[in-house]
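Secondary and tertiary structure notes
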Amino acid sequence: MSETTRIYLTGSCEGFDKLREALAQTPGIEIVGSSEQAGAATAALQGGHLDCVLHATSSSTLPAHEIATIREHTRVPLLLIASGEASSLLEDALGADVSDVLLLPALTENVVFAIRKSTHAPRRSATGARREGRIITVFSPKGGTGKTVIATNLAAALSKVPDRRTLLLDLDLQFGDAAIMLGIEPEKTIFDFVNAPGELDPDKLAGYTTKHKSGLDILPAPLRPEDAELVTEAKLGRLIEVARATYDAIIVDTSPFFHGPMLATLDRTDELLLVCSLDVPTLKNVRLALGTLEMLSFPTTRIRVVLNRANSKVGMKQREVEAALEVKVDYEVPSDRAVPLSVNKGAPAVLSDPGSDFARSIDAMAKAMFPKEGAKRA
């Protein structure tokens, strides 16, 4: 947690205004904002920039609706502030997602102590138990190979499994197209996430991802190419570790370069999908990429070669690709009219046309990556 504790105030009760004034004068406490109605504060509660929420109530019963509204948008510690006779709140709060209950009037230092105690206590993740997600990086050393189409469709295919939390992370930082291929116009991107105040943690990540109708979460690339420079390798490394602890599958779409973000991703990659197509320039670049990966000591056991548009009649066959690369092709993805149609619709083919040859090949790839996941994961 940062040195300054950022708090947001909602609700009202007798003495709450006086407490707010006192907290505003307290060193190390920053009141980010306030709203009498929790429902009017939804935008302010999102984004992971808060450390604690104080909700005031004059009711003698637990304000379950207000708590649910706050919890829908943030998982930071929640303290209830009450005035008058509210002894029943103490018992009810034990079964609710509330860190503490404070009755007014109270000394300011006692309230500050309760805030500090709650923000230093171990937090429950917004997603429940800690996960150990697999990082699957999709890379091609040449543009135009269909890398982003494969990444978005693979992520959508993986998200079809109930209770498997899947994140698509677009690290083609200057010109990423993952969001548009999913038909999403994001309000928040990876640039906003890594440059927002506060720690990079699961609560913050939850506030910056965009939910696709399939259940897939996406953290899009920056909207402006110049913002890519502000997404540092250190922050990317932390982001990937947070994602690993929050999701079961993390699909990383990348740019066609071995630069800082790609190297930071490789260090944490469990499986690298190297996308190739049936043309000589791409084969040349893929071969160079394999040599670079060898120099970087990236384990060859983690590399999977994906031959995209494998059935194209261009005078080249899979065996010639394997001979040129001196590795075997692990996955074949056919050329299919369903792909450009789905791209123009902003709907992954695995969802919009699941019976297509392309969709079936992506589904098979997804199953091969999680062969033992027929059962529900913890």
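Please read all numbers here as calculations on a predicted model, not as lab measurements.

Details of helix 3 (residues 64-71)
Those residues of helix 3 lying buried are Ile67, Thr69, Ile70 and Arg71. For helix 3, the elements touching its buried residues are strand 1 (5-11), helix 2 (42-45), strand 3 (52-57) and strand 4 (78-83).

Re the side chain of Thr152
Summarising the element assignment, Thr152 is placed in helix 6 (residues 147-158). In this structure, Thr152 is in contact with Leu168, Ala178, Met181 and Leu182, ignoring residues within four places of it in sequence.

Re the pairing of strand 10 (residues 249-254)
Across the six residues that make up strand 10, a large majority, six, are buried. Of the two faces of strand 10, both are covered, the one formed by Ala249, Ile251 and Asp253 as well as the one formed by Ile250, Val252 and Thr254.

Let's talk about unusual backbone geometry
Across the junction of Leu104 and Pro105, the peptide omega takes the value 5°, indicating a cis bond. Mapped onto the fold, Pro105 is located in the loop between strand 5 (100-104) and helix 5 (108-120). Unlike most non-glycine residues, Ser297 shows phi in positive territory, near 60°. For Ser297, a relative accessible area of 61% gives the class exposed. Phi at Arg309 is positive, roughly 55°, even though this residue is not glycine. One can find Arg309 in the loop between strand 12 (303-308) and helix 13 (318-325). Overall, Arg309 belongs to the partly exposed group, its relative accessible area being 32%.

Quick look at the pattern of salt bridges
Enumeration over the complete set of coordinates arrives at 17 salt bridges. Note that Asp17 is salt-bridged to Arg20, the shortest N-O span being 2.2 Å. A residue pair is termed a helical-turn pair when its members lie 3 or 4 positions apart in one helix, as Asp17 and Arg20 do in helix 1 (residues 16-24) at three residues. Using a relative accessible area of 48% as the deciding quantity, one classes Asp17 as partly exposed. With a closest N to O distance of 3.7 Å, Glu326 and Arg287 form a salt bridge. With Glu326 in the loop between helix 13 and strand 13 (331-333) and Arg287 in helix 12 (residues 280-295), this pair connects stretches of sequence that are 39 residues apart. A residue is classified by how much of its surface remains accessible, and Arg287, at 43% relative accessible area, is partly exposed. Each of Glu241, Arg244, Arg268 and Asp270 takes part in salt bridges that share partners, so that together they form one network.

Observations concerning the pairing of strand 3
Of all the six residues making up strand 3, six are buried; the element is thus mostly covered by neighbouring parts of the structure. Residues of strand 3 alternate between two faces, with Cys52, Leu54 and Ala56 on one and Val53, His55 and Thr57 on the opposite face, all of them buried. Here strand 1 pairs with strand 3 via five bridges, running parallel. Paired with Thr10 across the strands is His55, a residue of strand 3. As a crossover connection, the stretch from strand 3 through helix 3 into strand 4 is right-handed.

Here's the deal with the confidence of the model for the protein chain
Taken over all residues, the pLDDT of the protein chain has a mean of 86, while the share at 70 or more is 90%. Every residue in residues 122-129 is under pLDDT 50, and counting partners more than four places away or in other chains gives eleven contacts. This stretch, residues 374-378, has a pLDDT under 50; its non-local contacts, to residues over four places away or in other chains, come to five contacts.

Observations regarding the packing of aromatic side chains
Inspection of every chain in the model, using the stated rule, returns two aromatic pairs. Ring geometry for Phe139 against Phe258: centres 5.0 Å apart, planes inclined by 55°, an arrangement best described as tilted. Note that Phe139 is positioned in strand 6 (residues 134-139) and Phe258 in the loop between strand 10 and helix 11 (260-266), a separation of 119 residues in sequence. With a relative accessible area of 27%, Phe258 lands in the partly exposed category. Summarising the aromatic geometry, the rings of Phe193 and Tyr208 are spaced 5.7 Å apart at their centres and angled 70° between planes, so their arrangement reads as edge-to-face. Placement of Phe193 in helix 8 (residues 190-195) and of Tyr208 in helix 9 (residues 202-208) is noted, with a sequence separation of 15 residues between them. Of the two residues, Phe193 and Tyr208, neither departs from the other in class, the shared state being buried. Sitting over the ring of Phe370, Arg164 keeps its end group 4.5 Å from the ring centre. In this structure, Lys188 is placed above the aromatic ring of Tyr208, and the distance from its NZ or CZ to the ring centre is 5.3 Å.

Quick look at helix 10 (residues 233-246)
Helix length check: helix 10 (14 residues) gives 20 Å between terminal C-alpha atoms against 20 Å at 1.5 Å per residue, within 8%. Within the span of helix 10, buried status applies to Leu236, Gly237, Leu239, Ile240, Val242, Ala243, Arg244, Ala245 and Thr246.

Observations concerning the environment of Ala44
Inspection of the secondary structure assignment puts Ala44 in helix 2. The partly exposed category is assigned to Ala44, whose relative accessible area is 28%. With eleven residues separating them in the primary sequence, Ala44 and Gly33 have C-alpha atoms 7.7 Å apart. Ignoring any residue separated from it by four or fewer positions in sequence, one finds Ala44 in contact with Tyr8, His49 and Leu50.

Reading the values: the criteria
Residues numbered from 1 in each chain as written. Predicted model: local features only at pLDDT ≥ 70, side-chain atom pairs only at ≥ 80, totals over all residues. Heavy atoms only, no water. Buried < 20%, exposed > 50% of the residue type's maximum accessible area, 1.4 Å probe, protein only. Helix = DSSP H or I, 4+ residues; strand = E, 2+ residues; numbered from the N terminus. Contact = heavy atoms within 4.5 Å. Salt bridge = Lys/Arg side-chain N within 4 Å of Asp/Glu carboxyl O. Pairing = 2+ DSSP bridges. Right-handed = clockwise from strand over helix to strand, strands pointing away. pLDDT = per-residue confidence, 0-100. Phe/Tyr/Trp six-rings, centres within 6.5 Å; stacked < 30°, edge-to-face > 60°. Lys NZ or Arg CZ within 6 Å of the ring centre and 35° of its normal. Expected span 1.5 Å × (residues − 1).

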